[in-house]
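Here is how the chains run, residue by residue.
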Amino acid sequence: MANSGTQSRKYRLQGAGLDLALPYLMLAPGLLIVLGVLVYPLWDGLRASTKVYRYGSVVADVGMQNYIKLWSDPQFLNSLWVTVEFVALSVTFEAILGFALALFCLREFRGIRLLRTILIIPMVITPVVVAIVFRLIYASDAGMLTAISEWMGGGQVQILGSPVKAFIGLVVLDVWEWTPLMFLILLAGLQSLPHEPFEAARVDGAGNWRVFADLTFPMMRPVLAIAIVLRTIDAFGTFDQVFVLTRGGPGEATRLVSIYGYDTAFKFQQTGYAAALFVTIGLVVLALAFSAVRLLRRVDAS
Amino acid sequence: MSSVLYQSVVKNYGALNVLRSLDLAVPDHMFLALLGPSGCGKTTALRILAGLDMPSAGKLFIGERDVTRLQPRDRDIAMVFQSYALYPQMTVGENIGYPLWIRGMPDAERRAKIDEVAAVLEIGHLLDRRPRQLSGGQRQRVALARAIVRDPAAFLMDEPLSNLDARLRLTMRGEIKRLCQRLGATTLYVTHDQVEALTMADFVAVMHGGELQQMAPPADIYDRPANRFVATFVGNPPMNILPVTLAEQGIAIGGTPVAIPAARLAACRAAQVVEIGLRPEDMSVSVPGAPNALPGEIYVVEPMGNETLVNVRLGGGNVSVRAGRDFRGAVGANIAVTFDVSNACFFNSAGLTAVHRVNSDGE
Ligand SMILES: Nc1ncnc2c1ncn2[C@@H]1O[C@H](COP(=O)(O)OP(=O)(O)O)[C@@H](O)[C@H]1O
Ligand SMILES: [Mg+2]
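As the structure is a computational prediction, the values presented were derived from the model and not from experiment.

Novice: So what's going on with the domain arrangement of chain A? Residues and values would help.
Specialist: Partitioning chain A into domains gives domain 1 (2-48) and domain 2 (65-301). A separation of 43 Å is found between the C-alpha centroids of domain 1 of chain A and domain 2 of chain A.

Novice: Explain the sheet that holds strand S20 (residues 334-339) of chain B to me, and be specific about the residues and the numbers.
Specialist: Residue and element names in this part refer to chain B. Reading across from one edge, S16-S20-S17-S18-S19 is the order of the 5 strands in this open sheet, with antiparallel pairing throughout. Among the strands making up the open sheet, the edge pair consists of strand S16 (283-286) and strand S19 (318-323). Between one strand axis and the next, the sheet turns by 45 degrees as a mean value, whatever way the strands run. As paired elements, strand S18 (residues 308-313) and S19 share 6 bridges and run antiparallel to each other. Bridging across to S19, Asn311 finds its partner in Ser320.

Novice: Talk me through the domain arrangement of chain B; I want residue IDs and the actual numbers.
Specialist: All names here are of chain B. When cut into domains, chain B gives domain 1 (4-229) and domain 2 (240-355). Here the C-alpha centroids of domain 1 and domain 2 sit 39 Å apart. Counting residues at the interface gives 6 residues for domain 1 and 8 residues for domain 2. For the pair domain 1 and domain 2, the summed buried surface comes to about 640 Å²; carbon and sulfur atoms form 44% of the total. Among the residues domain 1 hides against domain 2, the three largest losses belong to Tyr222, Pro225 and Arg228. Together they make up 77% of the total.

Novice: Got a sec to walk through the packing of aromatic side chains? Specific residues and values, please.
Specialist: Residues and elements named next belong to chain A. Taken as a whole and judged by the stated rule, the model has 16 aromatic pairs over all chains. Taking 5.4 Å as the distance between ring centres and 85 degrees as the angle between the ring planes, the aromatic pair formed by Trp71 and Phe76 counts as edge-to-face. Its relative accessible area of 47% is what places Trp71 among the partly exposed residues. When the centroid spacing of 5.5 Å and the interplanar angle of 55 degrees are considered together, the rings of Phe104 and Phe109 count as tilted. With relative accessibility at 32%, the residue Phe109 sits in the partly exposed group. Feature note: the residues Phe99, Trp209, Phe212 and Phe217 constitute an aromatic cluster, connected by ring pairs. Above the ring of Tyr273, the side-chain terminus of Lys69 is found at 4.3 Å from the ring centroid.

Novice: Quick one: what's the story with the interface of chain A and chain B, residue by residue and with numbers?
Specialist: Residue-level contacts link 19 residues of chain A with 26 residues of chain B. When the buried area of chain A at its contact with chain B is split by residue, Arg202(A), Val203(A) and Asp204(A) rank highest and sum to 36% of it. Connecting chain A to chain B are 2 salt bridges. For the interface between chain A and chain B, the tally reads 7 residue pairs in polar contact (both at pLDDT 80 or more). Of all the secondary structure elements, the ones that give two or more residues to the side of chain A that touches chain B are helix H10 (196-204), helix H11 (208-236) and helix H14 (271-301) of chain A. It is H10(A) that contributes the most residues to the side of chain A that touches chain B, 8 residues altogether. Within the side of chain A that touches chain B, the residues separate by chemical class into 9 nonpolar, 3 polar and 7 charged.

Novice: I'd love a proper account of empty space enclosed by the protein, names of residues and values included.
Specialist: Residues and elements named next belong to chain B. Scanning all chains against the criterion turns up 1 cavity of 30 Å³ or more. Considered as a void within the structure, the largest cavity measures approximately 50 Å³ in volume. Around the largest cavity, the lining residues are Tyr222, Asp223, Met239, Gly277, Leu278, Arg279, Asp282, Asn343, Ala344, Cys345 and Arg357. When contributions to the lining of the largest cavity are tallied by element, the ones reaching two or more residues are helix H7 (218-223) and strand S15 (273-278).

Novice: Tell me about the side chain of Arg255(A), and please be specific about residues and values.
Specialist: Residues and elements named next belong to chain A. Among the structural elements, Arg255 can be located in the loop between helix H12 (240-245) and helix H13 (257-267). At 2.2 Å, the side chain of Arg255 forms a polar contact with the side chain of Gln75. If we ignore the near neighbours within four places in the chain, the residues touching Arg255 are Gln75, Ser79, Val82, Gly248, Tyr260 and Asp263.

Novice: Describe the layout of surface pockets, naming the residues involved and giving the relevant values.
Specialist: In this structure, the largest pocket encloses a volume near 900 Å³. Taken together, 23 residues line the largest pocket, and the ones lying closest to its centre are Leu106(A), Arg107(A), Phe198(A), Asn208(A) and Val211(A). For the lining of the largest pocket, the secondary-structure elements that each account for two or more residues are helix H4 (74-105), helix H9 (163-191), H10 and H11 of chain A. It is H11(A) that provides the largest number of residues to the lining of the largest pocket, a total of 5 residues. By residue class, the composition of the lining of the largest pocket is 12 nonpolar, 6 polar and 5 charged. By volume, the second largest pocket is sized at about 720 Å³. Surrounding the second largest pocket, 33 residues form its lining, Pro88(B), Gln89(B), Met90(B), Thr91(B) and Arg130(B) being those nearest its centre. Listed by contribution, the elements that provide at least two residues to the lining of the second largest pocket are H10, H11 and H14 of chain A together with helix H2 (92-101) and helix H3 (107-120) of chain B. Taken together, the residues that form the lining of the second largest pocket break down as 16 nonpolar, 6 polar and 11 charged.

Conventions and cut-offs
- Residues numbered from 1 in each chain as written.
- Chains lettered and ligands numbered in written order.
- Predicted model: local features only at pLDDT ≥ 70, side-chain atom pairs only at ≥ 80, totals over all residues.
- Heavy atoms only, no water.
- Domains from an automatic or database assignment.
- Pairing = 2+ DSSP bridges.
- Helix = DSSP H or I, 4+ residues; strand = E, 2+ residues; numbered from the N terminus.
- Axes fitted to C-alpha atoms, helices over the stretch in contact; angles between N-to-C directions.
- Contact = heavy atoms within 4.5 Å.
- Buried area = accessible area lost by both parts, 1.4 Å probe.
- Phe/Tyr/Trp six-rings, centres within 6.5 Å; stacked < 30°, edge-to-face > 60°.
- Buried < 20%, exposed > 50% of the residue type's maximum accessible area, 1.4 Å probe, protein only.
- Lys NZ or Arg CZ within 6 Å of the ring centre and 35° of its normal.
- Salt bridge = Lys/Arg side-chain N within 4 Å of Asp/Glu carboxyl O.
- Polar contact = N/O pair within 3.5 Å; in protein donor to acceptor, adjacent residues only side chain to side chain.
- Nonpolar A, V, L, I, M, F, W, Y, C, P; charged D, E, K, R; others polar.
- 1 Å grid on protein atoms, 1.4 Å probe; cavity = no way out; pocket = protein on both sides within 12 Å on 5 of 7 lines; lining within 4 Å.
- Points joined across faces, edges and corners; volume = space filled by probe spheres on them.

Next up, the structure:
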């Protein structure tokens, strides 16, 4: 009897209906998670961006009004400008420094492995911890810079109190933390270049500088472009370090869009407006990524 | 153009002796083939001359100049790499013109020169393409063009034909030879292919295990090999080597006595030879029992179209014999091989050629 039972169950399991449904059943848990943590918040954010909230509840449906308002909001425009400056400066320095370090680490000498390992440490430290460390360095009363300055007979060093210096301090932090990523990508790129053309160039009469300008750089352009795009997209969303280091201050000197968006949502409780802001930033970054990829394709095709 | 001189050049990679005191003098205008099996140090020798690797000891001269410590770019040489090593981001024209551009040659003059070389190598229509849009043969031509666009002290080529298919290799072989003759360039041409070396070069330097075995014109390399290695490395199929014993009236191979002129026998005895070397084309098949014939049986028969290679198992070992295209024989059939002993050479126990073949002009 038991025997016939298992047989009939087996028969049912092999039925055509289950065969069709099985792949979907197996995909379902993953799909649900993706829907829950990715698609739903995105959808909810989009919906929220068309509404006005007061004390956490919807009071009006305003359509595209939030989006339109953004472009006449001087605080948003300023934060956008600060972000662009921050990204441009940081990524430029990271690319230059990272490339220089990668070129240097391409040579073989004693201790090179250790050096390569040390160089990528900043990247693996939690951003918040990095920011706390930098705050300890920059602090005007008991900070490391002040300590050094006083030891050399100077006075207190004001970094986070001055708009320009705080901004530069933030760029320095980002460069310190993310140059290693550039370094790593570019080193891998350099190591994958064929080396015969470089030997041919040396025999043909090129010195170090010409080899770099005529061979290394042109051959590295696609890799460099990818690294810069990656870092740019990432830098646009920088939040933790600024939040810990300056909270956007002094004034609006270091208020990146991410900080302004955070303030709008959680300080000023303008949830709908903040949602519109972040959707806009998302679109900007998306557009940036698309044009970068197209640029890459063109570089590749030529 | 200049002469090139390797003076006791040694190269070690750690405990590995890649070159053991290489002495090589290449006179001005000579096309020298560096021939040897894979791994014998040919590329290393070339790279050291180019300045891409440093010798562990010894000196290098190009013309009168000691270039041992000079940077590659100060050595005034041009090199063709096995993998062509074209600049991937540059067009064919830019590739060819690069050695001139780097030396600051004015645009108009450079363009003219590029067009001239491109015409010689028949790649004028490719000048605007990039290397990856070219076939192997075309890349090869571009690499050659880039080398000859200048008038360097010497050309170095590292197995430039090894990445081409057999047919193209044949064509390019002739073309490179013509080109180098036309330019009268001092050329060091590295190859592991003995046919390339023999057909192209004025002189062949045979290397083995990081040592120079012999440097001589192709005909001498073939007819008067300095030692057992050269004798068996050059020639296809290789020279047959059989142990030989010396008797009162003559020599014996595998127990069969073979007549030999008295003077030659005396020379063999004086040098205490132990082996005889015979080229396949200097032996012929015969019927068992003929005088001076070595008896054996057919091991394998390989018809080549224009001739037939017969491998015969003798008392002392197997030999290859070139027979006519009409040769017929069954495997295992009894057969005999004959030869003229004046065409044979003899090796002593150190593997050196002690008695050479008698030249056709009767040396
Ligand atoms: N950079 C290197 N490090 C260690 N060993 C090497 C290096 N280059 C070549 N060799 C060794 O030297 C020997 C000769 O190499 P090579 O000159 O390339 O031979 P060939 O060109 O005659 O085939 C080989 O055994 C090779 O493994
Ligand atoms: Mg080689």
